[in-house]
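Coordinate inspection notes
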Amino acid sequence: MTNSIEEIEFSDAILAIGTNTTENHPVIGSCVKRAIRQHGAKLIVIDPRKIGLVDYADIWLRPKPGTNVAILSGLMNVIIEEGLYAKEYVAERTEGFEAMKEALAKYTPEFVSEITGVAAEDIRTAARLYAEAKSASILYAMGVTQHSHGTDNVKSCANLAMLCGNVGIEGGGVNPLRGQNNVQGACDMGALPNVLPAYQQVANDEARAKFERAWSASLPAKPGLTIIEIMDAAHRGDIKGLYIMGENPMISDPDLTHVEAALKNLDLLIVQDIFLTETGGLADVVLPSACFAEKDGTFTNTERRVQRVRKAVDAPGGAKADWQIISELSTKMGYAMSYASAEAIMDEINAVTPSYAGITYGRIEKEGLQWPCPNAEHPGTKYLHRDKFSRGLGLFTAIEYRPPEEVPDEEYPFFLTTGRVLYHFHTATMTRRSEGLVERCPESLAEVNPKDAEKLGIKDGDFVTVTSRRGSLKVKASVIETPPEGTIFMNFHFGEAAVNLLTNPALDPVGKIPEYKVCAVKVEAA
Amino acid sequence: MDQKLSLTINGKAIEASPGQTILEVARENGIHIPTLCYYKGTTNVGACRVCVVEVENARSLVASCCMPISHGMVVMTNTERVLTARKLVVELLWSSGDHNCLQCEKNGNCELQDLVYELGIEKPGFEIAPLEYSIEDTNSMIQRDLNKCILCGRCVRVCNEIQVHEVLDFSMRGSRAKVGPAFDESYIDSNCVFCGSCVDACPVGALTFKQARFKGRPWEIEKVHTTCPYCGVGCQMDLNVADGKVIKVTTDREYGRPNQGMLCSKGRFGMDFIDSPDRLKTPLIRKNGELQEASWEETYDYVAKKLASIRKKSGPDSIAGLSSARVTNEENYLFQKFMRAVIGTNNVDHCARL
Ligand code: SF4
Ligand code: SF4
Ligand code: SF4
Ligand code: FES
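These lines cover the structure that appears in this document, whether it is placed above or below. Just so it is clear, the structure is predicted and the values come from calculations on it, not from any experiment.

**What to know about the site of ligand 1**
Around ligand 1, the surrounding shell consists of B:Ile142, B:Cys159, B:His165, B:Leu168, B:Tyr187, B:Cys192, B:Val193, B:Phe194, B:Cys195, B:Gly196 and B:Cys198. The residue makeup of the shell around ligand 1, split by class, is nine nonpolar, two polar and no charged.

**Focus on empty space enclosed by the protein**
Following the criterion strictly, the structure yields 10 cavities of 30 Å³ or more and no others. Put simply, the largest cavity is a space of about 460 Å³. As for the largest cavity, its lining consists of 34 residues, of which A:Gly18, A:Met142, A:Gly143, A:Thr418 and A:Lys517 are closest to the centre. Elements supplying a minimum of two residues to the lining of the largest cavity: α9 (142-145) and β16 (414-419) of chain A. Examining the composition of the lining of the largest cavity, we find that three residues originate from one element, β16(A), more than from any other. A breakdown of the residues in the lining of the largest cavity according to their chemical character gives 12 nonpolar, 17 polar and five charged. Two domains share the lining of the largest cavity, each providing at least three of its residues, namely domain 1 (5-177) and domain 4 (414-525) of chain A. Taken as a whole, the second largest cavity holds about 360 Å³ of empty space. Lining the second largest cavity are 26 residues, and of these A:Gly246, A:Asp273, A:Ile274, A:Met430 and B:Arg326 sit closest to its centre. Among the residues making up the lining of the second largest cavity, the classes are represented as 11 nonpolar, 10 polar and five charged.

**Overview of the pattern of salt bridges**
Residue and element names in this part refer to chain A. Taken as a whole and assessed by the stated rule, the structure comprises 50 salt bridges over all chains. A salt bridge links arginine 310 to glutamate 365, with the shortest nitrogen-to-oxygen separation between them at 3.5 Å. In this pair, arginine 310 is assigned in the loop between β13 (305-309) and α16 (322-332) and glutamate 365 in the loop between α17 (342-352) and β14 (369-370), connecting sequence segments 55 residues apart. Using a relative accessible area of 13% as the deciding quantity, one classes arginine 310 as buried. For glutamate 365, a relative accessible area of 43% puts it in the partly exposed group.

Conventions we followed
- Residues numbered from 1 in each chain as written.
- Chains lettered and ligands numbered in written order.
- Predicted model: local features only at pLDDT ≥ 70, side-chain atom pairs only at ≥ 80, totals over all residues.
- Heavy atoms only, no water.
- Near = heavy atom within 4 Å.
- Nonpolar A, V, L, I, M, F, W, Y, C, P; charged D, E, K, R; others polar.
- 1 Å grid on protein atoms, 1.4 Å probe; cavity = no way out; pocket = protein on both sides within 12 Å on 5 of 7 lines; lining within 4 Å.
- Points joined across faces, edges and corners; volume = space filled by probe spheres on them.
- Helix = DSSP H or I, 4+ residues; strand = E, 2+ residues; numbered from the N terminus.
- Domains from an automatic or database assignment.
- Salt bridge = Lys/Arg side-chain N within 4 Å of Asp/Glu carboxyl O.
- Buried < 20%, exposed > 50% of the residue type's maximum accessible area, 1.4 Å probe, protein only.

Read these as spatial facts, not as claims about activity.
Structure, rendered in structure tokens:
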């Protein structure tokens, strides 16, 4: 997030796109609802599904799945056409406006309406609501990123925010809500193929030299493979050994049949986890790790706040903290790692990670600090790009709408879109072991619109077979108004109805994120 | 800056900002006034009248949680008149329900019990009302015993004003008044999303965490301040540990950002996995097609040799690692360091994209 969670409550307008906030980030959902109920904020919801926030919205735009770029372009077209944009801000703090303006010219509300199915007048109303607010915050999540054009979606959000002068101000911003507790931190720490900690490029000789000195090792310069590319390479036989720590790609990756074949093709699969997951079941070696309640450390939340994790209980049996396992294995392989505690690792992080330099355990004992925090006196950063953008001028990008890679046709007439539900998390290895959550949400359900249900001849609770070009599964239907006609929704929590047997691994060319949010399926009564 | 008002509380001269209540000013200055219905961050309703104080020249006692200060105000928080009124309120609350502390989860951590003790009440001057409700036992998360409810309304306000789930409300009036989900539904049948905030807010044993029942009394519990392991909000929470086990999760509103004491159902009730019998306890190595238990030493040897031989035969880029958005920064840092500095490849990623 460019801005902070606490600011949302005091934004004048909130635009929520591709985020089912009340279910996936419930506490932020409450902040949004408080902004509306108690502080009179305006809410614009853009989502094909009738999500919980729709009840609180001033206006709800319901575009066809996969048409976010078009709808955002429509909003910007209106804002420019009606002269509602922040002219001074655009002139002083940004570049690339003219090129973007030109690209947006054809996205009139009428044209966008044809693509998205949203009424032209609603596009105008939403555009005015957003543009006229003193401070407006854009919230988005996987509904924006998990598309073959996810990067374009994200850039469109940034364009819109800059256009109205909403970046670098209190209560504004472009605010991705991170799905998992420490996605932010994993990225910050360089668990990515192209960057070292704090996004220092592996291909940059200077950056590498710095880490080579700090680590007394020589480092490879060639960027590595992304998760999906790793699976492809394993499938081809180019990757022979894979070490997986705390992930379960056998449920979470797109196109599971392919993943299973890839994992089985390895000479060595090491899985380190707290449970024997679906992926662990295929492993050659399984390493038992301690869970968050059994170790010290830090997580970095979606607003860049680094917060303490503290040991409360002992790990079961011989399970060890992941950092201990890595250190011991490394030492065994001839590279000594001898950290006395998690804090000792943070000391090293402080030294090599400029944005974390001032974030020590001592300082975050009571409350976390938000990076960038470059030194021990720095108070942390509540919102980014305050007086200028990190790159100097904010850059507008001209973007063209592209349809999703796979759209419904005669054989596969439905959109399938995926996501999470309130009571479960990711592959549910943790939540499904919690009695209360299972009481509330015991099984996987595919949401089907009542009109579709009627055509299919099914009732609430009947089983249906859902088939895509990649696979097929049986699942119980929940007949409900939430999805629009022609779209079904499934969550990806349940291994026995693993929706990723169906999803499309088509990748965004830049972000390399698979298109989980849209694929084409057929649905039949089972 | 707004100008300050001066007033005295219990003879102490105090400066404070206009708009503050007597209660807020007293607390800021370390002067104790007991409260029950007051709940910071929600509307002051003045329902219980436990917080009454005497204000010079005011005809009756005033509820300090609702009364804004004014210039020159003279406030007394502990006169005979105040204490008598407070006692009466507490005696009425005591006798209105089933406040038998023997098996109450809140024993030792109950605001009504604290008040009885503070005011030194031997026994209520009123007859104890008969049990009226059966205990709601419809789910494994929240247990509701309305016989202990003192109708302070804190649960209603936290549900509506803080979490904005808009589930709880008062129904009926007067002596038949009661709190709960609309249409008198049970929690499990209502729209309740099990954030558990109403339980945190309840000053007495009317709302309690069911799973923690009989697992540890307040003075046996150690609270460990940590960060929720689920979504990216990173809610601050207390793992309540008794006898080496996490028995429930509570929050502390003093922790402040980012969640200001709020949680969702996952952070609140999603912790059973910690103590699950399915947890992995020893390393496993596949031998003859089966995963078999092994010692750490044997496992490290095996892995180190295997990785070294793959690297030797096919080069470091034939090895890849997936780190995790679920583990700590320190562990992500070490993992990528291991892949880069020890294995010698940049083939390291995690599921940020998934
Ligand atoms: S658990 Fe949360 S949603 Fe349910 S009644 Fe209590 S406060 Fe409201
Ligand atoms: S249930 Fe608890 S919080 Fe709610 S009104 Fe009764 S005593 Fe107050
Ligand atoms: S309690 Fe809920 S909202 Fe808070 S971090 Fe955990 S999962 Fe997210
Ligand atoms: S605390 Fe003031 S009236 Fe209840």
